[in-house]
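# Summary of structural features
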Amino acid sequence: VTHIVCENKEGKTMKKTISYDKLWKLLIDKKWNRTKLKDESEISTASLAKLGKNANITTDVLVKICNALECDFSDIMEMVPVEEKNMSSEQQAED
């Protein structure tokens, strides 16, 4: 999982990460499961696993998913603040 360091208008820095929770909610709304997503978007099992872990994924994969679901990037992903207390020491060491 990659964390992005952002600075807000007040100059305060905060870590953010990409979340695909919106994708999983959209699949529920469309009554799709992960297998149907994989098949309809023609993405690999490895890409699907990365999405499940909120890991880095290529833009090409995101485009395939959006085409299959007839949606936009903002419908399947968002940047969310990283909660430091929930990060393992291993994740903190990666930053």
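A brief look at the structure comes next.

### Concerning the packing of aromatic side chains
What characterises a pair of aromatic rings is the spacing of the ring centres plus the angle enclosed by the ring planes. Enumeration over the complete set of coordinates arrives at zero aromatic pairs. Here the guanidinium or amino end of Arg-34 rests over the ring plane of Trp-24, the centre of that ring lying 3.8 Å away.

### Regarding the environment of Asn-56
On the secondary structure map, Asn-56 appears in the loop between helix H3 (45-52) and helix H4 (59-69). Classification of Asn-56 as exposed rests on a relative accessible area of 53%. Taking the C-alpha atoms as reference points, Asn-56 and Ile-18, separated by 38 residues in sequence, lie 8.3 Å from one another.

### Side note on the nonpolar core
Core analysis: the biggest nonpolar cluster contains 19 residues, and Tyr-20, Leu-23, Leu-37, Leu-51, Ile-65, Leu-69 and Ile-76 have the highest contact counts within it. Those elements that provide at least two residues to this core are helix H1 (21-29), H3 and H4.

### Here's the deal with the packing of helix H2 (residues 34-41) against H3
At a closest axis distance of 10 Å, the pairing of H2 and H3 adopts a crossing angle of 130°. One element, H2, and the other, H3, form an angle in the oblique class. Handedness of the H2/H3 crossing: right-handed. For the pair formed by H2 and H3, the contact residues are Arg-34, Leu-37 and Lys-38 on the first element and Thr-45, Leu-48 and Gly-52 on the second. Each residue belonging to the contact of H2 with H3 can be placed in one class, and the counts come to two nonpolar, two polar and two charged.

Cut-offs and rules
Residues numbered from 1 in each chain as written. Predicted model: local features only at pLDDT ≥ 70, side-chain atom pairs only at ≥ 80, totals over all residues. Heavy atoms only, no water. Phe/Tyr/Trp six-rings, centres within 6.5 Å; stacked < 30°, edge-to-face > 60°. Lys NZ or Arg CZ within 6 Å of the ring centre and 35° of its normal. Helix = DSSP H or I, 4+ residues; strand = E, 2+ residues; numbered from the N terminus. Buried < 20%, exposed > 50% of the residue type's maximum accessible area, 1.4 Å probe, protein only. Core = buried A, V, L, I, M, F, W, Y, C linked by side-chain atoms within 4.5 Å. Axes fitted to C-alpha atoms, helices over the stretch in contact; angles between N-to-C directions. Parallel < 35°, antiparallel > 145°, perpendicular 65-115°, else oblique. Left-handed = near helix turned anticlockwise from the far one by under 90°. Contact = heavy atoms within 4.5 Å. Nonpolar A, V, L, I, M, F, W, Y, C, P; charged D, E, K, R; others polar.

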